[in-house]
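What the coordinates show
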Amino acid sequence: MTSTSIRRAIVPGIAALTLALSACGAANEDTGSTSAEGGGDLSGTLAGGGASTQQAAMGAWAVGFQGTNPDVTVEYDPIGSGGGRENFISGAFPFAGSDAYLTDDEGELSDASERCGGDAPIQVPSYISPIAVAYNLPEVDELKLSPQTLAGIMAGKITTWDDEAIAEDNPDADLPSERINAVHRSDESGTTENFTDYLTTVAPDEWDAGVVETWPTEYGGEGAKGTSGVVQTVENSEFSIGYADASQTAELGQALIGVGDDFVEPSAEAAAKILEASPEAEGASDTAVIYDLDFATEEAGTYPIVLTSYLMACQSYDDAADGELVKAFMEYVISDEGQDQAAAEAGSAPLSDSIQEQSLSIIENIG
């Protein structure tokens with residue numbers, strides 16, 4: 001995955017989201033097991049942040065994690081993927097969440113390795129979810145969009161709801177002759193990177209801005225900060241459409257996206273299929289479980305606009321307490337219990353057994 005944006009140096013306050021989490025202590029040391037066992041012997045505060053897409057899942061993990069170690073508090077600030085990576089690299093966060101893995105397109109991977117004492121950072125998937133194309137279109141209960149039509153809308157080339165391209169996808173819908181308000185993220189965003197990666201892959205003639213984390217201003221539309229900002233803007237503005245993590249768009253219409261000859265709705269089950277069919281990224285290693293998603297898949301029943309959100313950490317920490325807390329928290333997130341909590345409360349797709357086992361075998365070596 002590539003990025004063409006210039007990342008900003010931000011060290012925000014952590015107060016935006018504080019989750020009282022209890023660490024899982026002596027989590028399972030058997031790499032073939034994906035259960036989390038509480039130890040109850042940890043204390044302190046673990047402060048991280050990053051991808052806002054993980055916000056709902058973090059809440060679910062808080063519920064499941066709390067009680068094992070009541071003396072531990074984990075604070076997660078959903079400032080966006082770019083801010084999370086920046087603060088992890090600077091040392092402000094001992095762990096971070098990001099919808100885009102680290103690369104050296106702008107030197108981030110090398111900088112993260114330097115921050116981690118010369119060792120490559122750990123990167124493991126924690127959260128798989130469809131990116132919903134959410135819309136607020138009165139009296140239109142179902143909206144189907146081919147990849148080309150969606151790309152045309154987001155690029156500002158299709159400007160009214162009764163455009164012939166939308167009508168062709170929805171022959172039975174009563175489409176209004178209203179102007180489309182296309183809503184995008186105004187901040188640097190891994191969701192934007194995944195979404196534009198999809199558009200670039202499936203409709204490069206319509207979407208020619210490439211893969212970006214910061215929305216190209218020349219394409220117009222209305223910007224909103226964070227996942228919650230996009231959702232709120234679409235909710236409050238009739239005839240709007242935008243993209244956001246599906247877990248936070250339940251109150252809005254969710255478009256069915258063209259895949260082969262079918263149109264597929266966003267669901268955890270449909271999103272999970274794409275990861276199993278996707279190749280590991282070029283930078284995958286014994287500390288990085290990362291993937292390049294096959295957005296162009298035509299596999300039946302597969303929802304193609306998906307994000308994989310990662311947790312990032314160091315292999316070792318100067319402060320042993322930090323290492324213990326990071327390890328305990330990440331082991332819980334990746335465990336069956338943590339994945340089931342996120343699936344139930346945030347609508348994410350649980351990691352496969354093989355990805356869980358691979359990730360846990362990396363996390364258990366954090367020192």
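Residues numbered from 1 in each chain as written. Predicted model: local features only at pLDDT ≥ 70, side-chain atom pairs only at ≥ 80, totals over all residues. Heavy atoms only, no water.

1. Concerning the overall build of the chain
Helix and strand content of the chain: eleven helices and 13 strands. Each of the 367 residues in the chain was classed as buried or not, and the buried ones make up 57%. The contacts of the chain with a sequence gap of at least 6 include a subset with a gap of at least 24, amounting to 75%. If you sum the accessible surface of the chain, you get close to 13900 Å²; carbon and sulfur atoms cover 42% of it. (Helix = DSSP H or I, 4+ residues; strand = E, 2+ residues; numbered from the N terminus. Buried < 20%, exposed > 50% of the residue type's maximum accessible area, 1.4 Å probe, protein only. Contact = heavy atoms within 4.5 Å. Areas by Shrake-Rupley, 256 points an atom, 1.4 Å probe, with all protein chains shown as cover.)

2. A closer look at helix H9 (residues 320-334)
The end-to-end C-alpha distance of H9 is 21 Å, a good match for the 21 Å that 15 residues give at a rise of 1.5 Å each. Counted residue by residue, H9 has eleven buried out of 15 residues, so it is predominantly covered. Of all the positions in H9, only Gly323, Leu325, Val326, Lys327, Ala328, Phe329, Met330, Glu331, Tyr332, Val333 and Ile334 are classed as buried. The opening residue of H9 is Asp319, an N-cap whose side-chain oxygen sits 2.9 Å from the backbone nitrogen of Ala321. (Expected span 1.5 Å × (residues − 1). Polar contact = N/O pair within 3.5 Å; in protein donor to acceptor, adjacent residues only side chain to side chain.)

3. Some details on the side chain of Ser309
Relative to the assigned elements, Ser309 resides in strand E13 (residues 306-313). Side chain to side chain, Ser309 and Gln54 meet in a polar contact 2.7 Å long. Side-chain polar atoms of Ser309 contact the backbone oxygen of Ser98, separated by 3.4 Å. Setting aside residues no more than four positions away along its own chain, Ser309 makes contact with Ala51, Thr53, Gln54, Ser98, Asp99, Val124, Pro125, Ser126 and Tyr127.

4. With respect to the environment of Pro279
Within the fold, Pro279 resides in the loop between helix H8 (268-276) and E13. On a C-alpha basis, the gap between Pro279 and Tyr291 in space is 5.9 Å, while along the polypeptide they are twelve residues apart. Discounting residues that sit within four places of it in the chain, Pro279 has contacts with Tyr291 and Asp292.

5. Side note on the environment of Leu143
With respect to the secondary-structure elements, Leu143 resides in the loop between strand E5 (122-136) and strand E6 (144-145). Distance in space between the C-alpha atoms of Leu143 and Leu175 is 9.7 Å, their sequence separation being 32 residues. Setting aside chain neighbours within four positions, we find Leu143 in contact with Tyr135, Trp161, Ile166, Asn170, Ala255 and Leu256.

6. A look at the pairing of strand E9 (residues 240-245)
The buried count for E9 comes to six of six residues, which makes it a mostly enclosed element. Across six bridges, E5 lies against E9 in antiparallel orientation. Opposite Val133, over in E9, you have Tyr243 as the bridge partner. Note: strand E7 (residues 181-185) against E9, three bridges, orientation parallel. Paired with Val183 across the bridge in E9 is Gly242. (Pairing = 2+ DSSP bridges.)

7. Regarding the packing of helix H2 (residues 81-90) against helix H3 (residues 108-115)
Two elements in contact, H2 and H3, have axes separated by 8 Å at closest approach and are oriented at 40°. It follows from the interaxial angle that H2 and H3 lie oblique. Together, Arg85, Phe88 and Ile89 of H2 and Glu108, Asp111, Ala112 and Arg115 of H3 make up the contact between the two elements. (Axes fitted to C-alpha atoms, helices over the stretch in contact; angles between N-to-C directions. Parallel < 35°, antiparallel > 145°, perpendicular 65-115°, else oblique.)

8. Topic: the sheet that holds strand E12 (residues 262-264)
Whether parallel or antiparallel, the strands of a sheet pair through hydrogen bonds between backbone atoms. Taken together, the three strands give an open sheet; going across it, the order is E6-E11-E12, and neighbouring strands pair in mixed fashion. Only two strands of the sheet have a single partner each, and these edge strands are E6 and E12.

9. Details of unusual backbone geometry
In this model, Glu139 sits at a positive phi of 70°, which is unusual for a non-glycine residue. Along the chain, the position of Glu139 falls in the loop between E5 and E6. Its identity is not glycine, yet Phe239 carries a phi of approximately 70°, on the positive side. Looking at where Phe239 falls in the secondary structure, it is placed in the loop between helix H7 (226-236) and E9. Its relative accessible area of 18% is what places Phe239 among the buried residues.

10. Some points on H3
Every buried residue belonging to H3 is among Glu108, Ala112 and Ser113, and all of these are buried. Down the axis of H3, the buried set is contained in an arc of 135°. They therefore lie on one face. In this fold, the buried residues of H3 make contact with H2. Looking one or two places after H3, you find Gly117, whose phi comes out positive at around 70°. (Arc of directions from axis to C-beta.)

11. As for the pattern of salt bridges
Under the defined criterion, the tally for this structure stands at four salt bridges. Here Arg85 and Glu108 are joined by a salt bridge, their closest N and O atoms 3.0 Å apart. Of this pair, Arg85 sits in helix H2 while Glu108 sits in helix H3, and the two are 23 residues apart along the sequence. Glu108 matches Arg85 in its accessibility class, with the two residues each being buried. The closest approach of N and O atoms between Glu213 and Arg85, which form a salt bridge, is 2.8 Å. (Salt bridge = Lys/Arg side-chain N within 4 Å of Asp/Glu carboxyl O.)

12. Details of the pairing of strand E11 (residues 256-259)
Here is the key point about a regular strand: its side chains alternate between the two faces of the sheet. Residues Leu256 and Gly258 line one face of E11 and the alternating positions Ile257 and Val259 line the opposite face, and both faces are buried. Sheet topology places E6 next to E11; two bridges connect them, and they run parallel. The partner of Leu145 across the bridge, within E11, is Ile257. As defined by bridge partners, E11 adjoins E12 across three bridges and the pair is classed as antiparallel. Note that in E12 the partner of Gly258 across the bridge is Phe263. Here E11 folds back onto E12 in antiparallel fashion, the turn holding two residues, of which Gly260 has a positive phi close to 60°.

What is shown is where atoms sit, not what they do.
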